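Breakdown of the fold
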Amino acid sequence: MTSSHTDCHFCLQSLRGRKYALREENAYCVPCYDSLYANPCQECKQLIECNSKDLAYKGRHWHEGCFRCAKCSRSLVEKPFAAKDEVLLCTECYSDEYSSKCFHCQKTIMPGSRKMEFKGSSWHESCFVCQYCQQPLGTKPLITKDNENYCVPCFEKQFAHHCYACKKVITSGGVTYHDQPWHKECFVCAVCKTQLSRQRFISKDEYPYCVDCFSKFHAKKCAACKTPITALGGAKYISFEERQWHGECFSCTKCSISLVGQEFLIRQDDILCHKCGSAS
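The rules we used
- Residues numbered from 1 in each chain as written.
- Predicted model: local features only at pLDDT ≥ 70, side-chain atom pairs only at ≥ 80, totals over all residues.
- Heavy atoms only, no water.
- Helix = DSSP H or I, 4+ residues; strand = E, 2+ residues; numbered from the N terminus.
- Rg over C-alpha atoms; globule rule 2.2 N^0.38 Å.
- Buried < 20%, exposed > 50% of the residue type's maximum accessible area, 1.4 Å probe, protein only.
- Contact = heavy atoms within 4.5 Å.
- Areas by Shrake-Rupley, 256 points an atom, 1.4 Å probe, with all protein chains shown as cover.
- Lys, Arg positive; Asp, Glu negative; His and termini not counted.
- Charge placed at Lys NZ, Arg CZ, Asp CG, Glu CD.
- UniProt positions renumbered as here; feature names shortened; annotations may be inferred.
- Pairing = 2+ DSSP bridges.
- Domains from an automatic or database assignment.
- Buried area = accessible area lost by both parts, 1.4 Å probe.
- Phe/Tyr/Trp six-rings, centres within 6.5 Å; stacked < 30°, edge-to-face > 60°.
- Salt bridge = Lys/Arg side-chain N within 4 Å of Asp/Glu carboxyl O.

**Some words on the overall build of the protein**
Secondary structure summary: the protein contains five helices and 22 strands in total. For 280 residues, the compact-globule estimate of 2.2 N^0.38 gives 19 Å, and the C-alpha radius of gyration of the protein, at 45 Å, exceeds that figure by more than 25%. The 280 residues of the protein split such that 32% are buried. Intrachain contacts of the protein at a sequence separation of at least 6 include 12% that bridge at least 24 residues. For the protein, the accessible area works out to roughly 18700 Å², and carbon and sulfur atoms hold 47% of it. Between the averaged position of the 37 positive side-chain charges in the protein and that of its 30 negative side-chain charges there is a distance of 5 Å.

The following block contains the structure:
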C-alpha cells in the first residue's frame, strides 16, 4: 500500500514512497508491522509477514506453503482436513490412522460422514439397513439374528413365533409347552391365571395348572391320607380297584409294613399284608 500517511506510527520514519500496513487506523512500515503484529508459523516458526497469506486454525497460524498434512505433506489449503492431538491431517491420512471401519463393508468411515453405532460396531449410514427389506434402519427399533439386523416388521414376518394363547408375536424369551410357543406372561394356570414360567406346574388335557389348582380340581385323593396325589416330580402312586395311594401310604392297615411290590389282601376298606390277612 503506497503511503498517504506521513510517518510510521511506531518508528516515526517517513512512509513517503514506501509500503505500509494499517492497524486500527494507524500506519506502520512493513518491518515495524511484522515485528509488532506478525504471527509465527506453526510449522517453520518464522514470522508470517504482512505480504504473505496467514492461514489460521484454532488460534494457530501457518504460511500458506506450510499448511500441509503432517503425514503425506500434501497441501491442506482449501481442502477438508482433520486434527488429532493438534496435528493436522488430510482426510485420507486421518481415515487410515484413526477412522472406524464399517462392520458391513469393512471400508473406512470418512471424517465428516454420518456413522451409525450399534453393539460396539460402526456402520456407514447407507450400510446400516434391514437384511431383508434393505431399508435404512437409522434409529428405528431393530432385532439382531445371526449377526444380521432386521427391522421389527421383517423379523416378525421371517422368524418370529406366535404365542399359542394370544396369537401375537413373541419377540424375545418365551416358553415352549407341548411344542407350542407362549409368551411368559401368557403361560398361566388354566384356572387361577397365575404365571407358571417360574414355578412347578402339572399338565392335564393339554392345559397347564398350578399345583394348588390341579390338586383342588383334578388330583385323585389318596385312600389312606386323603390328600391329593399330584405325581409331582415323578412321584409313584398305586392304583387298585378305583382307589389310589401315595407310594409311601400304601402299607398294611394293621402292621404298617410297606406293600409296594408285595402281595396283599383286601378286607372291606383295609389292605393287609399276607401275614396279617392270614391271621385275621
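So much for the structure itself; the text now carries on.
**Comments concerning unusual backbone geometry**
Non-glycine residue K58 carries a positive phi angle of around 50°. By relative accessible area, which is 71% here, K58 ends up exposed. Its identity is not glycine, yet Q268 carries a phi of approximately 55°, on the positive side. Structurally, the position occupied by Q268 is in the loop between β21 (264-267) and β22 (270-273). A relative accessible area of 77% means that Q268 is categorised as exposed.

**Quick look at the UniProt feature "domain: LIM zinc-binding" (unreviewed entry) in the protein**
As annotated in UniProt, the feature "domain: LIM zinc-binding" (unreviewed entry) corresponds to residues 39-99, 100-161 and 220-280 in the numbering used here. Taken end to end, residues 39-99 is 13% helix and 26% strand, and its first and last C-alpha atoms sit 32 Å apart.

**Concerning the pairing of strand β15 (residues 201-204)**
Bridge count between β15 and strand β16 (residues 207-210): four bridges; the pairing is antiparallel. The residue bridging S203 from the neighbouring strand is P208, located in β16. Here β15 folds back onto β16, and the loop between the two strands holds two residues, one of which, D205, carries a positive phi near 55°.

**Here we look at helix α1 (residues 30-37)**
Those residues of α1 not exposed but buried are C32, Y33 and D34. On its buried face, α1 is in contact with β1 (20-23) and β2 (26-29).

**Regarding the domain arrangement of the protein**
For interface size, the figure often reported is the accessible area lost on association. What the domain assignment lists for the protein is domain 1 (160-217) and domain 2 (220-278). For domain 1 and domain 2, the distance between their C-alpha centres works out to 33 Å. Across the contact, six residues belong to domain 1 and four residues belong to domain 2. A buried area of about 410 Å², summed over both sides, lies between domain 1 and domain 2, and 71% of it is on carbon and sulfur atoms.

**Examining the packing of aromatic side chains**
Across all of its chains, the model carries 22 aromatic pairs by this definition. Judged by centre distance (5.4 Å) and plane angle (80°), the rings of Y28 and Y37 are edge-to-face. According to the relative accessible area criterion, Y28 is buried, its value standing at 4%. Y37 sits in the partly exposed class, given a relative accessible area of 28%. Aromatic side chains Y164 and W182 sit 5.3 Å apart centroid to centroid with 40° between the ring planes, which places their arrangement in the tilted category. Residue Y164 is found in the loop between β11 (161-162) and β12 (169-170), and its partner W182 is found in strand β14 (residues 180-182); the two are separated by 18 residues along the sequence.

**Quick notes on the pattern of salt bridges**
Applying the stated criterion across every chain, the model contains three salt bridges. K115 is the partner of E117 in a salt bridge, and the nearest nitrogen-oxygen pair spans 3.3 Å.

**So, the pairing of strand β4 (residues 60-63)**
Taking every second residue as pointing to the same face, both faces of β4 are buried, with R60 and W62 on one and H61 and H63 on the other. In this sheet, β4 lies alongside strand β3 (residues 54-57) in antiparallel orientation, the contact comprising four bridges. Residue A56 lies in a different strand from β4, and its bridge partner there is H61. Here β3 folds back onto β4, and the loop between the two strands holds two residues, one of which, K58, carries a positive phi near 50°.

**Examining the environment of H246**
Relative to the helices and strands, H246 is located in strand β20 (residues 243-246). Placed 25 residues apart in sequence, H246 and K221 show a C-alpha to C-alpha distance of 8.9 Å.

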